Amino acid sequence: MKKIQKLVGEEEKLRMPIAQGLPWTTDEPKCLIKPPVKKNTIPIDLKLHSDIRAVERARFAHQVAEKGRLIKQYKMERERQQKLEEEEEIKRLRKELIPKAQLMPYFCKTRENPNFLEKG
């Protein structure tokens, strides 16, 4: 019976938690050495395909606008030149078409009939 009581007593001791005791020494704990600090990471500039494409597209749009402007300027210059040519042509035609009085031919001299002068 003593054995059983002894086993039961040991089991009870195992079931009861034991608080942590004080450290065996009262010395201050040693400070651990910190690992060396790493250098800051420098971020890499990202070159996105969409950004590159946007720059190329802007350049292309500028070229198209410049080309359109040059074509428009060329058309205006051509229209102005054509208008000047038409005005010159109109002036030339007006000068040619001005009716001028012309002398009437003297029919009496041209006729061979001498009696014609005597009747008239």
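This report concerns the structure included in the present document.

Rules and cut-offs
Residues numbered from 1 in each chain as written. Predicted model: local features only at pLDDT ≥ 70, side-chain atom pairs only at ≥ 80, totals over all residues. Heavy atoms only, no water. Salt bridge = Lys/Arg side-chain N within 4 Å of Asp/Glu carboxyl O. Helix = DSSP H or I, 4+ residues; strand = E, 2+ residues; numbered from the N terminus. Buried < 20%, exposed > 50% of the residue type's maximum accessible area, 1.4 Å probe, protein only. Patch = residues over 30% accessible without salt bridge, like charges linked within 9 Å, V, L, I, M, F, W, Y side chains within 5 Å. Areas by Shrake-Rupley, 256 points an atom, 1.4 Å probe, with all protein chains shown as cover. Lys, Arg positive; Asp, Glu negative; His and termini not counted. Charge placed at Lys NZ, Arg CZ, Asp CG, Glu CD. Expected span 1.5 Å × (residues − 1).

### What about the pattern of salt bridges?
Working step 1: In this structure the tally under the stated criterion is four salt bridges.
Working step 2: Residues R69 and E66 are paired through a salt bridge, measuring 2.5 Å at the closest nitrogen-oxygen approach. One end of the pair is R69 and the other is E66, both in helix α2 (residues 49–96) and three residues apart, which spans about a single turn.
Working step 3: We classify R69 as partly exposed; its relative accessible area is 44%.
Working step 4: In this structure, the salt-bridge partner of R92 is E89, at a minimum N-O distance of 2.4 Å. Highlighted residues: R92 and E89, both in helix α2, separated by three residues, approximately one helical turn.
Working step 5: With relative accessibility at 39%, the residue R92 sits in the partly exposed group.

### Points about a negative patch on the surface
Working step 1: Taken together, the side chains of E85, E86, E87 and E88 define an acidic patch exposed on the protein surface.
Working step 2: Secondary-structure assignment places E88 in helix α2.
Working step 3: Assessed through its relative accessible area of 52%, E88 is described here as exposed.

### Re helix α1 (residues 2–15)
Working step 1: Its 14 residues give α1 an end-to-end C-alpha distance of 20 Å, which sits within 8% of 20 Å, the value for a rise of 1.5 Å per residue.
Working step 2: By the criterion of burial, α1 is predominantly exposed, with just zero of the 14 residues buried.

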